Amino acid sequence: MRKQSSIRLFKTLAIKRDLLWVGGGRVASALLALIAIRAVTTFLTPEQYGELALLISVQMFCGLFLVNPVGQHINLHTHTWWDDGTLIARLKSYRRYLFIVSLVGAAVVLGMNKQNSFESSFWAAAAMFIMVAAGTWNATLIPMLNMLGFRAESVGWGVVTVLVGLVASIVLTLWVTAATAWFTGQALGMLIGAWGAKYVLQRHVSAANFAEDSMPLFNKQVVLTYCFPLALATGLMWLQLSGYRFLIESYWGLAQLGFLVVGLQLAGQIWSLAESVAMQFLYPLFYRRVMEYQNHSAVELAYSDLLNTLVPVYCLLTGCLVLAAPYLLNVLVSAQYQDAVTFVMLGAIVEMCRVLGNLLSNAAHVKRHTISLTFPYAVGAVVSLALIYLAGINQMKTNWAAVGLLIGACAMLLAMGGGMYQQIHFSLHPTRCMVGLAVMLAMFLLSVWLPIISGVFASIAMLITLGIVTATIVFALLKNNPATMRLLRVQLKNE
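Since this is a predicted model, take the numbers as computed values, not measurements.

Across its full length, the chain holds 18 helices and zero strands. A globule of 495 residues ought to have a C-alpha radius of gyration of about 23 Å, and the chain, at 22 Å, matches this closely. The dimensions of the chain, computed from C-alpha atoms along their principal axes, are 70 × 55 × 40 Å. Taken over 495 residues, the chain has a buried fraction of 53%. Of the contacts made within the chain by residues no fewer than 6 positions apart, 85% connect residues no fewer than 24 positions apart. When the accessible area of the chain is evaluated, it comes to approximately 22100 Å², of which 69% is carbon and sulfur surface. Looking at the chain, you have 29 positive and 17 negative side-chain charges, and the mean spots of the two groups are 9 Å apart.

Structure, rendered in structure tokens:
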């Protein structure tokens, strides 16, 4: 009995330690990312920020359409390959593919910059090549360390990535005030973080594994039944989440694109903090539980537990972001972008739909039936682009383009919920989900009549107050939540 109590105490302490590492690291990374928004909006004009948004769109195209399907396949098999000692050997064959994808990204940038000089086009293409290669390895190896239970190392190199990227971007932009300079600095941060994560991973692998020849990541069946359908789905996701930027630039110009993207990006950074904490802390536990995906009852319970833990929290965060939008702009964005408050509010809801869609899409990944993701993302892409196109040809304000993005995101989420229920019959806890939804709607109403404060310190005080209130409600929802407790009892490392 005493031994069992000691084991439970040890596991509890380990959970708290891991949560402290993940939470602290993500807070540090998020703060640096928010500082980066302040810096980039200070150094770059709206037109230059619009150029940066287009470069990021190309990067996202390579990441979502060409890399993400393979990355998701790696995530699903990381624990299995680590347990049987073949992980490093399989990653060796990944390098050639990433080199080709990086060349594709560079070629797309060269095609985009025909009106610019050869020198500026060359440097933009070179920066894209480095960003795609280094960014992909960074996004593969750092989460992989976390998946395998090396949380401190994962968090540490994640913070180093953001810090080096911020410093490098500021230095390069002070030297040459251009979107490419900022983008290059971010690529250098990714490169340093990827190198560090690779070094840590190699330290934890026996020397014998390095002598092995490269092993294939997948076979033809996996490509046809999993990777190719997922690439089609994520390509449609890219159209909805990023491809619209080229349409905005065409009808409203780079400056209006800059305003729109700043607002959406600010909301996106806050959401990135929440989603990455969930992905770093809860997803490894979830993936460990669904390793044997043929066990339908176990998979349904694990999937429902993940949803019942995160859906109410995501509702609360949406309401908090809408309420905090004007205060976030006062603190985090340069004065020349202050008119983007409407885009921050709409962006908070758009990002909620995106994150909930990603959460629900885990059903398709677990079942290895990624073709089911195509329809939801097709719905979102078609609705969003059609509404933006109609707003553009009718010379409507950019706000209506943002509304088109919102409607498309909601349509995608509804289609995703129905489609994923066909894959896994999940169940939502009605009380917790309704509480989260009710608080979110109450915050929406408060945002209408809450007084606008212009001072920086007063805005900081409002943000702290809203953060404390939201965190308290989140704690109340997660405390003694059976779904959350079942996830936290999972052991990542073999005892």
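From this point on, the discussion continues.
What follows concerns the packing of helix α11 (residues 296-332) against helix α17 (residues 456-478). The N-to-C vectors of α11 and α17 enclose an angle of 175 degrees; their axes lie 9 Å apart at closest approach. The pairing of α11 with α17 is recorded here as roughly antiparallel in orientation. On the side of α11, the interface is formed by Thr309, Pro312, Val313, Leu316, Cys320, Leu323, Ala324, Tyr327, Leu328, Asn330 and Val331, while α17 contributes Val456, Ser459, Ile460, Met462, Leu463, Leu466, Thr470, Ile473, Val474, Leu477 and Leu478.

This brings us to the confidence of the model for the chain. For the chain, per-residue confidence averages 84 on the pLDDT scale, and 90% of positions sit at 70 or higher. Note that pLDDT drops below 50 for residues 3-7; the model gives that stretch zero contacts with residues more than four away or on any other chain. Predicted confidence for residues 207-211 stays below pLDDT 50, and this span has six contacts to residues more than four positions away or in other chains.

To continue, consider helix α4 (residues 94-112). Compared with an ideal rise of 1.5 Å per residue, which puts 19 residues at 27 Å, α4 spans 28 Å between its outermost C-alpha atoms and is within 8% of the ideal. Taken together, the buried positions of α4 are occupied by Tyr94, Leu98, Val101, Ser102, Gly105, Ala106 and Val109. Projection of α4 onto a plane perpendicular to its axis shows the buried side chains occupying an angular sector of 140 degrees, all on one side. Along α4, the residues that are exposed and aim more than 90 degrees away from the buried face are Arg96 and Ile100.

Here the focus is helix α12 (residues 341-360). Think of an α-helix as 3.6 residues a turn; residues three or four steps apart then line up on the same face. With 20 residues, α12 ought to run about 28 Å at 1.5 Å a step, and its terminal C-alpha atoms sit 29 Å apart, in line with that. Burial analysis of α12 places 17 of its 20 residues in the buried class, which makes it a mostly covered element.

What follows concerns the environment of Leu390. Position of Leu390 relative to the elements: it lies in helix α14 (residues 374-393). Judged by its relative accessible area of 43%, Leu390 is partly exposed.

Turning our attention to the packing of α11 against helix α16 (residues 430-449). Two elements in contact, α11 and α16, have axes separated by 8 Å at closest approach and are oriented at 5 degrees. One way to sum up the angle between α11 and α16 is to call them roughly parallel. Between α11 and α16, the contacting residues are Asn308, Val311, Pro312, Cys315, Leu316, Thr318, Gly319, Cys320, Val322 and Leu323 on the first element and Arg432, Cys433, Gly436, Leu437, Val439, Met440, Met443, Phe444, Leu446 and Ser447 on the second. Classifying every residue of the contact of α11 with α16 by side-chain character gives 14 nonpolar, five polar and one charged.

One non-glycine residue, Gln395, adopts positive backbone phi at about 55 degrees. Tracing the chain through its elements places Gln395 in the loop between α14 and α15 (398-423). Of note in this structure, Asn480 is not a glycine but carries a positive phi near 60 degrees.

All right, on to the packing of aromatic side chains then. Tallied over the full model, the rule gives 14 aromatic pairs. Measuring from centroid to centroid gives 6.1 Å for Tyr251 and Trp252, while their planes differ by 65 degrees, and the two rings are edge-to-face. Under the relative-accessibility criterion, Trp252 is labelled buried at 17%. Summarising the aromatic geometry, the rings of Tyr303 and Phe426 are spaced 5.8 Å apart at their centres and angled 75 degrees between planes, so their arrangement reads as edge-to-face. Highlighted residues: Tyr303 in helix α11 and Phe426 in the loop between α15 and α16, separated in sequence by 123 residues. Phe426 matches Tyr303 in its accessibility class, with the two residues each being buried.

You can see Thr140 is positioned in helix α5 (residues 118-147). Sequence-wise, Thr140 and Met416 are 276 residues apart; in three dimensions their C-alpha atoms are separated by 25 Å.

This next bit is on the pattern of salt bridges. According to the stated counting rule, one finds three salt bridges in the structure shown. For Arg486, the salt bridge goes to Asp305, with nearest N and O atoms at 2.8 Å. On the criterion of sequence distance, the pair formed by Arg486 in helix α18 (residues 482-488) and Asp305 in helix α11 is long-range, its members being 181 residues apart. On the basis of relative accessibility, which here comes to 30%, the residue Arg486 falls in the partly exposed class. With relative accessibility at 1%, the residue Asp305 sits in the buried group. For the salt bridge of Arg354 with Glu351, the shortest nitrogen-to-oxygen distance reads 2.8 Å. One end of the pair is Arg354 and the other is Glu351, both in helix α12 and three residues apart, which spans about a single turn. With respect to class, Arg354 is no different from Glu351; both count as buried. Residues joined in a network through salt bridges with shared partners are Glu275, Glu351 and Arg354.

Cut-offs and rules
All residue numbers here refer to positions counted from 1 along the written sequence of the relevant chain. Whole-chain, interface and lining totals are the exception, using all residues; otherwise, since this is a predicted model, local features are given only for residues with pLDDT of at least 70 and side-chain atom pairs are given and counted only at 80 or more. Calculation of side-chain values draws on the structure's entire complement of heavy atoms; hydrogens and water are dropped beforehand. The numbering of helices and of strands both runs from the N terminus, where a helix is a DSSP run of H or I of at least 4 residues and a strand a run of E of at least 2. Using C-alpha atoms as the atom set, the radius of gyration is obtained and then compared with a globule rule of 2.2 Å times the number of residues to the power 0.38. Note on classification: 1.4 Å probe, protein chains only; a residue is buried when its accessible area is under 20% of the maximum for its type, exposed when over 50%, partly exposed between these limits. Pairs of residues are marked as contacts when any of their non-hydrogen atoms sit within 4.5 Å. Residue burial considers only the protein chains on display, and all accessible areas are found by Shrake-Rupley using a 1.4 Å probe. Charge assignment: positive for Lys and Arg, negative for Asp and Glu; neither His nor the chain ends contribute. Where a charge lies is defined by one atom per residue type: Lys uses NZ, Arg uses CZ, Asp uses CG and Glu uses CD. Note on geometry: axes are C-alpha line fits, over the in-contact stretch for helices, and angles between N-to-C directions span 0 to 180 degrees. Should an angle fall under 35 degrees it is taken as roughly parallel, and over 145 as roughly antiparallel, whereas 65 to 115 is taken as roughly perpendicular and any remaining angle as oblique. The predictor's confidence in any single residue is recorded as pLDDT, a number from 0 to 100. How far a helix is expected to stretch is found by multiplying one less than its residue total by 1.5 Å. Comment: arc refers to directions from the helix axis out to C-beta atoms. Basically, the charged four are Asp, Glu, Lys and Arg, the nonpolar ten are Ala, Val, Leu, Ile, Met, Phe, Trp, Tyr, Cys and Pro, and anything else, Gly included, counts as polar. The criterion for an aromatic pair is that two Phe, Tyr or Trp rings (for Trp, the six-membered ring) have centres within 6.5 Å, with stacked assigned to planes under 30 degrees apart, edge-to-face to planes over 60 apart and tilted to the rest. Salt bridge, as applied in this entry: a Lys or Arg side-chain nitrogen positioned within 4 Å of an Asp or Glu carboxyl oxygen.

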